[in-house]
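# Structural features, examined
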Amino acid sequence: MITAEKLEIFMATPDTALHLDGALYIDGHWVAAVAGDSREVINPADGSALQRIDEGSAADVLAAVAAARTAFDDGPWPRTPATERSAILFRVADLLDRNRSRIATIDTLDTGKTLVESGVDVDDVAAVFRYYAALAVGDPGRLVDAGDPAVVSRVVYEPVGVCALIGPWNYPLLQMSWKVAPALAAGNTVILKPSEVTPLSTLILVELLAEAGVPAGVVNLVLGSGAAVGAPLVESPDVDLVSFTGGLATGKAIMRSAAETVKKVALELGGKNPNIVFADADLGAALDAALTGAFLHAGQVCSAGTRLLLEDSIHDEFVAELARRAELIRIGRGSDEKTEMPPLVSAEHRAKVEGYVDLGRAEGARLLCGGHRPREAELQEGFYYTPTIFVDCNREMRIVQEETFGPIVTVERFETEDEAVRLGNDTAYGLAGAVWTADRARAHRVAGRLRHGTVWINDFGPYLPQAEWGGFKLSGSGRELGPSGLAEYREAKHVYENTAPSAQYWFSGAKPKE
Ligand code: NDP
């Protein structure tokens with residue numbers, strides 16, 4: 001069935017064409033997968049097939065790694081002056097601006113998310129490229145005082161080498177940009193492995209990187225599944241670093257596999273993020289943020305505020321109003337400008353979310369709203385689900401402890417600040433959390449005690465390219481964004497120069513004959 005949602009429309013004009021002669025990009029060329037496999041990319045809004053793309057395998061990984069290795073060992077990129085690399089990354093940002101609507105459209109078709117959100121994602125991706133373009137220059141390393149005037153001791157920062165960058169399906173371009181921009185700024189060569197569920201916008205990013213002047217072999221793209229492409233990338237002895245964003249189980253498997261070759265590994269994993277509201281907070285703002293925190297992108301957000309903790313005295317009124325507003329959220333196609341909450345990414349993922357709702361009921365949580373698929377006729381083909389609120393929840397429930405990655409929020413009560421902090425930390429994850437209160441001293445006390453990589457005070461969700469993002473505990477290791485996001489892609493090297501060498505005769509018997 002050809003619908004206005006189909007990619008063919010966007011391929012009809014050169015302005016919006018998606019390069020699909022071959023969907024793998026190796027050593028500066030678009031190529032077909034060696035084994036000739038392909039798969040259909042599905043539009044979550046109606047379950048229709050969007051585009052058939054190539055599906056790589058270990059043979060394609062081998063070719064991509066070889067290209068990246070040669071480009072790193074013998075090519076110009078690692079030795080290109082940082083100012084030139086920076087200029088190219090600024091050009092990438094300009095090209096992203098110019099291609100904003102094309103990329104946003106394709107990301108909406110592919111991920112399901114609303115066009116507004118896809119557009120914001122593209123803006124954020126451009127901002128990340130600009131941030132690392134600027135950070136790439138002007139770092140001469142540092143001089144160290146060796147305690148000897150004849151010695152010049154310097155610490156310099158060099159690229160790590162060949163980096164495998166593996167991304168998730170929920171924010172395909174944004175999460176990839178957090179990796180590829182600093183990796184290139186630091187002078188590495190890369191192999192991109194987007195999620196096979198939502199790979200299309202990464203194809204455009206690769207086009208734009210080439211157009212901006214990134215040399216052949218520096219950026220390579222292999223599409224395909226985690227098992228067929230991701231695993232051999234992690235195993236390869238020619239890959240020096242793996243940066244991964246995705247689920248906890250995959251992250252653990254990657255860490256185990258990377259140990260064999262002692263690779264550097266950076267992991268951005270999931271979260272079960274507490275949103276703590278004290279009675280003295282601006283409740284209008286807190287309520288609005290609780291709604292967005294839980295239901296933006298249908299809750300398919302690693303930092304979603306899925307665990308709402310309310311001070312006892314405001315609990316009943318707060319949840320009643322939250323449920324009233326949740327039921328008013330307009331569900332629909334991401335491409336429809338009236339839509340506020342899009343479908344889930346796939347039928348398989350919706351089944352997982354539905355499994356959690358069944359579990360919540362079975363565990364004794366009380367369903368306040370949602371808990372079913374929407375009933376409108378026009379929403380029957382896509383993977384839609386209603387905003388779902390569970391109250392009377394407690395820490396023993398799996399629905400309170402596990403990442404559901406759907407439009408589900410669980411609500412618990414607390415009476416004291418200590419109890420709020422205890423519940424806020426009562427998760428194996430440690431990605432993000434928020435505290436709402438008019439008492440600034442309390443806000444900072446609580447922020448200081450929460451074991452999460454990001455804490456928002458009287459807000460929920462913002463992040464900045466210039467501030468580190470990452471997880472405590474099972475939410476990951478390493479940091480993206482900020483200066484640390486660049487440091488992940490650099491090795492420190494100590495260069496020690498003796499300007500006045502003289503024999504020391506450590507071995508006294510080895511002195512020359514007089
Ligand atoms: P997955 O862990 O399923 O997959 C992530 C990526 O890893 C995909 O590209 C996948 O390939 C690939 N992969 C799967 N198995 C392997 C393997 N053995 N070796 C190497 N690569 C592999 O996560 P999702 O895509 O389902 O993403 C959702 C998860 O990501 C959530 O848990 C979410 O919290 C987390 N996330 C974390 C963020 C953060 O900043 N901390 C941000 C965004 C998401 P394929 O799917 O193509 O088979």
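Every chain is numbered on its own, with residues counted from 1 as its sequence reads. Local features are withheld for residues below a pLDDT of 70 in this predicted model, meaning they are given only at 70 or higher, and side-chain atom pairs are given and counted only at 80 or more; totals for whole chains, interfaces and linings count all residues. Side-chain numbers come from the whole structure's heavy atoms, not from hydrogens or water.

Along the protein, the regular secondary structure elements total 16 helices and 20 strands. Radius of gyration here uses only the C-alpha atoms, and the compact-globule reference equals 2.2 Å multiplied by the residue count raised to the power 0.38. For 514 residues, the compact-globule estimate of 2.2 N^0.38 gives 24 Å, and the protein sits close to it at 25 Å. Taking the contacts inside the protein whose residues are at least 6 apart along the sequence as the reference set, 73% of them involve residues at least 24 apart. Surface accessibility follows the Shrake-Rupley procedure with a 1.4 Å probe radius. Residue values consider only the protein chains on display as shielding. Total accessible area on the protein stands at roughly 21,200 Å², and carbon and sulfur atoms take up 53% of it. Taking the average place of the 48 positive charges on the side chains of the protein and the average place of its 71 negative ones, the gap between the two points comes to 4 Å. Here a strand is any run of E in DSSP of at least two residues, a helix any run of H or I of at least four, and the numbering for each starts at the N terminus. When checking whether two residues touch, look at their non-hydrogen atoms; a contact exists if any pair is within 4.5 Å. Just so you know, the count uses Lys and Arg for positive and Asp and Glu for negative, and it drops His and the chain ends. Every charge is mapped to an atom, namely NZ of Lys, CZ of Arg, CG of Asp or CD of Glu.

Further remarks concern helix α15 (residues 440-449). Those residues of α15 lying buried are R442, A443, V446 and A447. The buried side chains of α15 occupy one side of the element, clustering within an arc of 135° when seen end-on. When the buried face of α15 is taken as reference, the exposed residues oriented beyond 90 degrees from it are R440 and G448. Buried residues belonging to α15 abut β12 (274-277), α14 (417-424), β17 (432-436) and β18 (454-457). The backbone nitrogen of A441 has a side-chain oxygen 3.1 Å away, supplied by the residue at the start of α15, namely D439. A simple rule labels every residue: compare its accessible area, found with a 1.4 Å probe on the protein chains alone, to the largest value its type can have, and call it buried under 20%, exposed over 50%, or partly exposed in between. Directions from the helix axis toward the C-beta atoms define the arc. Here a polar contact means two N or O atoms within 3.5 Å. Within protein one must be a hydrogen donor candidate and the other an acceptor candidate, and residues neighboring in sequence count only if both atoms are side-chain atoms.

We now examine the sheet that holds strand β14 (residues 366-369). Taking strand neighbours across the sheet as the criterion, the seven strands line up as β14-β15-β16-β13-β12-β17-β18 in an open arrangement whose pairing is mixed. Strand pairing shows two members of the sheet lacking a second neighbour, β14 and β18, which therefore form its edges. Within the sheet, the average angular offset between the axes of one strand and its neighbour, ignoring direction, is 25°. Here β17 runs beside β18; their pairing, made up of four bridges, is parallel. Residue pairing for β18: A432 is matched across the bridge by T454. Paired strands are those between which DSSP finds at least two bridges. Helix axes are fitted to C-alpha atoms over the stretch in contact, other axes to C-alpha atoms as well, and angles between N-to-C directions run from 0 to 180 degrees.

In this description, a nonpolar core means a group of buried Ala, Val, Leu, Ile, Met, Phe, Trp, Tyr and Cys residues linked to one another through side-chain atoms lying within 4.5 Å. One finds L96, F129, L184 and I389 to be the most contacted residues of the largest nonpolar core, which totals 139 residues. In terms of residue count, helix α6 (residues 172-185) provides more of this core than any other element does, nine residues in total. Ranked by size, the runner-up nonpolar core spans ten residues in total, among them F278, F414, V435 and L450.

Another point: the pattern of salt bridges. A pair is scored as a salt bridge if a Lys or Arg side-chain nitrogen falls within 4 Å of a carboxyl oxygen belonging to Asp or Glu. Scanning all chains against the criterion turns up 32 salt bridges. Close ionic contact of E40 with R52 constitutes a salt bridge, the shortest N to O distance being 3.2 Å. Within this pair, whereas E40 is found in strand β3 (residues 38-42), its partner R52 is found in strand β4 (residues 49-54), the two being separated by twelve residues in sequence. Look at E40 and you get partly exposed, because its relative accessible area is 28%. With a relative accessible area of 45%, R52 lands in the partly exposed category. Note that R413 is salt-bridged to D316, the shortest N-O span being 3.2 Å. Residue R413 is found in strand β16 (residues 408-414), and its partner D316 is found in helix α11 (residues 315-326); the two are separated by 97 residues along the sequence. One salt-bridge network, in which partners are shared between bridges, spans R307, R395, E396, E412 and D426.

Further remarks concern the packing of aromatic side chains. Ring geometry is summarised as follows: Phe, Tyr and Trp rings, the Trp one being its six-membered ring, pair when their centres sit within 6.5 Å, and such pairs are stacked at plane angles under 30 degrees, edge-to-face over 60 and tilted between the two. Evaluation of the coordinates by the stated rule reveals nine aromatic pairs. Between W169 and F405 the ring centres are 5.4 Å apart and the planes differ by 80°, which places this aromatic pair in the edge-to-face class. One end of the pair, W169, is in the loop between β7 (162-166) and α6; the other, F405, is in the loop between α13 (398-401) and β16, with 236 residues separating them in the sequence. The exposure classification of W169 matches that of F405, with both residues buried. Seen in terms of ring centroids, W456 and W469 are 6.3 Å apart; in terms of plane orientation they differ by 40°. Their pairing is tilted. Linking W456 in strand β18 with W469 in the loop between β18 and β19 (476-477), this pair joins segments that are 13 residues apart in sequence. Overall, the relative accessible area of 6% leaves W456 in the buried class. The rings of W178, W456, F460, Y463 and W469 are connected pair by pair, giving a single aromatic cluster. The rule is short: NZ of Lys or CZ of Arg within 6 Å of the ring centre and within 35 degrees of the ring normal puts a charge over the ring. The cationic tip of R442 hangs over the ring face of F278; the distance from NZ or CZ to the ring centre is 3.9 Å.

A few words on α14. Restricting attention to buried positions, one finds in α14 the residues E417, A420, V421, L423 and G424. Each buried residue of α14 sits inside an arc of 165° when the element is viewed along its axis, so together they form one side. Buried residues along α14 sit against β12, β13 (307-311), β16 and α15.

We now examine the site of the ligand. The rule for a residue being near a molecule or strand is that one of its heavy atoms must lie within 4 Å of it. G167, E196, T250, L269 and E403 are the nearest of the 29 residues found near the ligand. E196 is positioned with one of its backbone polar atoms (N or O) 2.7 Å from an oxygen atom of the ligand. Between the ligand and the protein, one listed contact pairs a nitrogen atom with a backbone N or O atom of L269 at 2.5 Å. Isolated, the ligand exposes 900 Å² of accessible area, and the fraction of that covered by the protein chains is 86%. Where the shell around the ligand is concerned, the elements lending two or more residues are α8 (226-235), β10 (241-245) and α9 (248-259). Here the shell around the ligand takes three residues from α8, the largest share from any one element. Side-chain classes are defined by residue name, with Ala, Val, Leu, Ile, Met, Phe, Trp, Tyr, Cys and Pro counting as nonpolar, Asp, Glu, Lys and Arg as charged, and the others, Gly among them, as polar. Each residue belonging to the shell around the ligand can be placed in one class, and the counts come to twelve nonpolar, 13 polar and four charged.

This part covers the layout of surface pockets. The computed volume of the largest pocket comes to approximately 1,200 Å³. Cavities and pockets were defined on a 1 Å grid built from protein atoms only: a cavity is a group of points that admits a 1.4 Å probe but offers it no way out, a pocket is an open group of points flanked by protein on both sides within 12 Å along at least five of seven lines, and a lining residue is one with an atom within 4 Å of any such point. If you go around the largest pocket, you meet 49 residues; those closest to its centre are P168, W169, G246, G247 and T250. Secondary-structure elements contributing two or more residues to the lining of the largest pocket are β3, α8, β10, α9 and α12 (347-363). Of all the elements, α9 adds the most residues to the lining of the largest pocket, at six residues. Grid points are joined across faces, edges and corners, and a volume is the space filled by probe spheres set on the points. In this structure, the second largest pocket encloses a volume near 450 Å³. Taken together, 20 residues make up the lining of the second largest pocket; nearest its centre are Y171, L296, V301, G461 and Y463.

With that settled, consider unusual backbone geometry. Among all residues save glycine, negative phi is the norm, and among peptide bonds the norm is trans. Residues other than glycine seldom take positive phi values, yet N458 does so here, at roughly 55°. Structurally, N458 can be placed in the loop between β18 and β19. For K473, which is not a glycine, the phi torsion comes out positive at approximately 50°. Along the chain, K473 turns up in the loop between β18 and β19.

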